[in-house]
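Residue-level structure breakdown
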Number of protein chains: 2
Amino acid sequence: MKSKHVLLDHGSGGLSSQELITGVFLPLLDNPVLFDLEDSAVVQARGCRLAFTTDSYVVDPIFFPGGDIGTLAVNGTINDLSMRGAEPLCLSAGLILEEGFPMADLERVMGALGEASRAAGVPVVTGDTKVVPRGKADKVFINTSGIGVVASGIEISSAKARPGDLVLVSGTMADHGVTILTRRAGLSLDGGLASDTMALHRLVQAMIEAGGPAIHSLRDPTRGGIATSLAEMARKAGVCIEIEESSVPVRPEVGAACEILGLDPFYLANEGKCLALVAPEKAPEILEAMRRRPEGRDAAVIGRVTDRPAGRVILKTAVGGSRLMEPLSGEPLPRIC
Amino acid sequence: MKSKHVLLDHGSGGLSSQELITGVFLPLLDNPVLFDLEDSAVVQARGCRLAFTTDSYVVDPIFFPGGDIGTLAVNGTINDLSMRGAEPLCLSAGLILEEGFPMADLERVMGALGEASRAAGVPVVTGDTKVVPRGKADKVFINTSGIGVVASGIEISSAKARPGDLVLVSGTMADHGVTILTRRAGLSLDGGLASDTMALHRLVQAMIEAGGPAIHSLRDPTRGGIATSLAEMARKAGVCIEIEESSVPVRPEVGAACEILGLDPFYLANEGKCLALVAPEKAPEILEAMRRRPEGRDAAVIGRVTDRPAGRVILKTAVGGSRLMEPLSGEPLPRIC
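Not measured: the values here are computed from a predicted model. (Residues numbered from 1 in each chain as written. Chains lettered and ligands numbered in written order. Predicted model: local features only at pLDDT ≥ 70, side-chain atom pairs only at ≥ 80, totals over all residues. Heavy atoms only, no water.)

1. A short note on the interface of chain A and chain B
Between chain A and chain B, the contact holds 80 residues from the first and 81 residues from the second. Note on chain A versus chain B: buried area summed over both sides is about 6,700 Å², and carbon and sulfur give 69% of it. Taken as a group, Val6, Phe52 and Met103 of chain A account for 11% of the area that chain A buries against chain B, more than any other trio of residues on that side. Applying the counting rule to chain A against chain B returns six salt bridges. Notably, a salt bridge pairs Arg223 of chain A with Asp128 of chain B, separated by 3.1 Å at the nearest N-O pair. Summed over the shared surface of chain A and chain B, the result is 25 residue pairs in polar contact (both at pLDDT 80 or more). Those elements giving two or more residues to the side of chain A that touches chain B turn out to be α1 (15–28), α2 (32–35), β1 (41–45), β2 (48–57), β5 (87–98), α4 (103–120), β6 (124–132) and β7 (140–149) of chain A. (Contact = heavy atoms within 4.5 Å. Buried area = accessible area lost by both parts, 1.4 Å probe. Salt bridge = Lys/Arg side-chain N within 4 Å of Asp/Glu carboxyl O. Polar contact = N/O pair within 3.5 Å; in protein donor to acceptor, adjacent residues only side chain to side chain. Helix = DSSP H or I, 4+ residues; strand = E, 2+ residues; numbered from the N terminus.)

Below you can see the structure in the form of structure tokens.
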């Protein structure tokens, strides 16, 4: 039954988000590129293949261990471009500011945004600033959109996974989600929890150089975590994805925090990690290329693609059992990014 | 003296906005394309010239005579692309929704957005939806970014005005601003006040066909009105712009509402109008091409470009006097778009 109001869960990145998008938005905005629902759209412009993506960042708190809303806004949008194999070209920054927001905080956010952009080598070329009265927004919201160029021959999409493919992940899971949630819960868990926010375009470039067309699908598991991203990939490609629970890298302090908070790290957001579904014959070279870069130091094979049950993700647990891993549902974790 | 907090005036599109952008943002984000501060950035992508722009829409109320936030978001971004002579290719839509926003209103907004996109022939190809808790945003904010293709030979920019150029405007002034302000003041002024929100890409295409390189500068006078847009053009090109007050088309009902509210129509927002600075020898053909299209039915010559005083706009008043027309300053009209 459709809700009569927007719920927090509609923004979770999980099932309710999907229902809102496919049930309400797509029929009203019908066009085949949007229907792809990839991290970026790929469009043709006079013989040039472009990737195009947009994300609004509303994370609370705006400063957190390992990053801030400005850094997140740059890296997140670069990553969405990278997941189509695009070389990021430029970014936009659209700010919505709340009246009374301290100028010093704004400078800190924009300084971090500028630094992330320079570190990534992807300039912010256009922007917009709106201010709304006190109480009509919360401090600062940032939209970053991005354009990338997709080299010819590169055809990476969630729908391209094939039985036999291996599932790679570029590093540890849930660092960002757990950091924001503990911070917001007012917990001070020791052990150096920090967001993993990081731009992945150079990692993806190295993967493409090593694997070329053997890289079938890429996805950055942000809202909803790897459980939700894998479920979307399985559904779109019409395949089954089997994950070995014990192979998924999770930092011990993140695992401990998840236990304390009763959270599953497979459903928590990452902001500097990617999933890759790749042809098995090239998997060793791709994994090796990932591990050679700092962004992929902890890369691992975590599972494989089979044919049935189509559209499902199966988690092989550490104790030898197996269960379905469903996309995130009914668990509103608002403002995680 | 720099404010320690963000003020409503920083979002007005006038002097304070400029100070925030040039004083705070540009030094932190330094790159030459952003420094242009045009309605869109023009960037090179593998031999393809692209225009790229972003705008966040926070208008209050979200439904108003003549339009709504969804229509505005599509047309406004198309217009920013058009002001560089680009052919709009595609749009993104990034939504920030407030928890509890009625689903029926969301459907109405997205339906209007889809309709505006189809009417313009510019598809929304990628999107993002965030939800923030009740009281952390106001109903719905929409960011639309857009990509356009700039044909070779087209070099339209605010800095290109030359003494001798004529100043054209595509229609009546202040319709959007006056409509939003009267609505927000709770006034019901009769006479059919309505927003002029409208996509201008086909009008600009017709102007380019008629005038080619004679079109030096285009600008859509949104926040801050024509006074602010003309001041920016005069400053960037290092020229003086003289405007004949009596030549500027203003609908009688808009003029009357401005008088009642004590507002100057030259400082109020337009959402379906453009200013053009064009070489005088081609001005008749360009004006004729504008008037042949419904978007330019009321097009008029409203002034001319001279050499001095450089960087200034001079208003020749109806009674024969003349005064400087300064950019908008200290007059916060928040959430006009």
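2. Describing the pairing of strand β12 (residues 300–306) of chain B
Residues and elements named next belong to chain B. In terms of residue burial, β12 counts as a mostly covered element, since five of its seven residues are buried. When strand β8 (residues 166–169) meets β12, the two strands line up antiparallel, connected through four bridges. Within β12, the position partnered with Val169 by the bridge is Ala300. (Buried < 20%, exposed > 50% of the residue type's maximum accessible area, 1.4 Å probe, protein only. Pairing = 2+ DSSP bridges.)

3. Comments concerning the packing of aromatic side chains
The tally for this structure, following the rule as stated, stands at one aromatic pair over all chains. Centre to centre, the rings of Phe52 of chain A and Phe52 of chain B are 6.4 Å apart; their planes meet at 80°, and the pair counts as edge-to-face. Of this pair, Phe52 of chain A sits in strand β2 while Phe52 of chain B sits in strand β2 (residues 48–57), on two different chains. Here Phe52 of chain A and Phe52 of chain B have matching classes, each one buried. Sitting above the plane of the Phe63 of chain B ring, Arg108 of chain B keeps its charged end 3.6 Å from the centroid. Sitting over the face of the ring of Tyr57 of chain A, Lys130 of chain B holds its NZ or CZ atom 5.5 Å from the ring centroid. (Phe/Tyr/Trp six-rings, centres within 6.5 Å; stacked < 30°, edge-to-face > 60°. Lys NZ or Arg CZ within 6 Å of the ring centre and 35° of its normal.)

4. A closer look at the sheet that holds β5 of chain A
All names here are of chain A. An order of β1-β2-β7-β5-β6 is seen for the five strands of this open sheet, with the pairing classed as mixed. Unpaired on one side and paired on the other, β1 and β6 mark the two borders of the sheet. This sheet shows a mean twist of 20° between the axes of neighbouring strands, independent of strand direction. Bridge analysis of β5 against β6 gives eight bridges, and the strand direction is parallel. By the bridge assignment for β6, Ser92 is matched with Thr126. Along the sheet face, α4 touches β5, β6 and β7 and points at about 175° away from the line of β5. (Axes fitted to C-alpha atoms, helices over the stretch in contact; angles between N-to-C directions.)

5. A closer look at the layout of surface pockets
All names here are of chain A. When its volume is computed, the largest pocket comes out at roughly 260 Å³. Looking at the largest pocket, the residues that line it are Glu245, Val248, Val250, Gly255, Cys258, Glu259, Leu263, Asp264, Pro265, Phe266 and Arg323. Tallied by class, residues from the lining of the largest pocket come to six nonpolar, one polar and four charged. (1 Å grid on protein atoms, 1.4 Å probe; cavity = no way out; pocket = protein on both sides within 12 Å on 5 of 7 lines; lining within 4 Å. Points joined across faces, edges and corners; volume = space filled by probe spheres on them. Nonpolar A, V, L, I, M, F, W, Y, C, P; charged D, E, K, R; others polar.)

6. Let's talk about the domain arrangement of chain A
Size of an interface, as often reported, equals the accessible area lost when the parts are brought together. Residue and element names in this part refer to chain A. Segmentation of chain A into domains returns domain 1 (31–150) and domain 2 (158–324). Relative to domain 2, the C-alpha centre of domain 1 lies at a distance of 23 Å. Opposite the 26 residues of domain 1 that make contact, domain 2 presents 25 residues. Between domain 1 and domain 2 the total buried area reaches about 2,000 Å² when both faces are included, carbon and sulfur atoms providing 52% of it. Applying the counting criterion to the domain 1 and domain 2 interface returns two salt bridges. Notably, a salt bridge pairs Asp39 with Arg219, separated by 3.7 Å at the nearest N-O pair. Where domain 1 touches domain 2, the interface holds 10 residue pairs in polar contact (both at pLDDT 80 or more). (Domains from an automatic or database assignment.)

7. Structural notes on helix α5 (residues 175–184) of chain B
All names here are of chain B. Judged by how many residues are buried, α5 sits mostly within the fold: eight of 10 residues are covered. Among the residues of α5, Asp175, His176, Gly177, Val178, Thr179, Ile180, Leu181 and Thr182 are the ones counted as buried. Its buried side turned inward, α5 meets β3 (63–64), α3 (69–82) and α8 (252–261).

8. Quick look at the pattern of salt bridges
Pairs may arise between side chains of opposite charge once their charged atoms sit close together. As enumerated under the stated definition, the model contains 36 salt bridges over all chains in all. The salt bridge involving Glu38 of chain A is made with Lys236 of chain A; its shortest N-O contact spans 3.5 Å. Of the two residues, Glu38 of chain A is situated in the loop between α2 and β1 and Lys236 of chain A in helix α7 (residues 225–237); the sequence distance between them amounts to 198 residues. Linking Asp55 of chain B and Lys130 of chain A is a salt bridge whose minimum nitrogen-to-oxygen distance equals 3.3 Å. Here Asp55 of chain B is found in strand β2, whereas its partner Lys130 of chain A is found in strand β6 on a different chain.

9. Details of the packing of α3 of chain B against helix α4 (residues 103–120) of chain B
Residue and element names in this part refer to chain B. Where α3 meets α4, the axes come as close as 6 Å, and the angle between the chain directions of the two elements is 30°. Between α3 and α4 the crossing geometry is right-handed. Here Ile69, Gly70, Thr71, Val74, Asn75 and Ile78 of α3 lie close against α4, whose contacting residues are Val109, Ala112, Leu113, Ala116, Ser117 and Ala120. (Left-handed = near helix turned anticlockwise from the far one by under 90°.)

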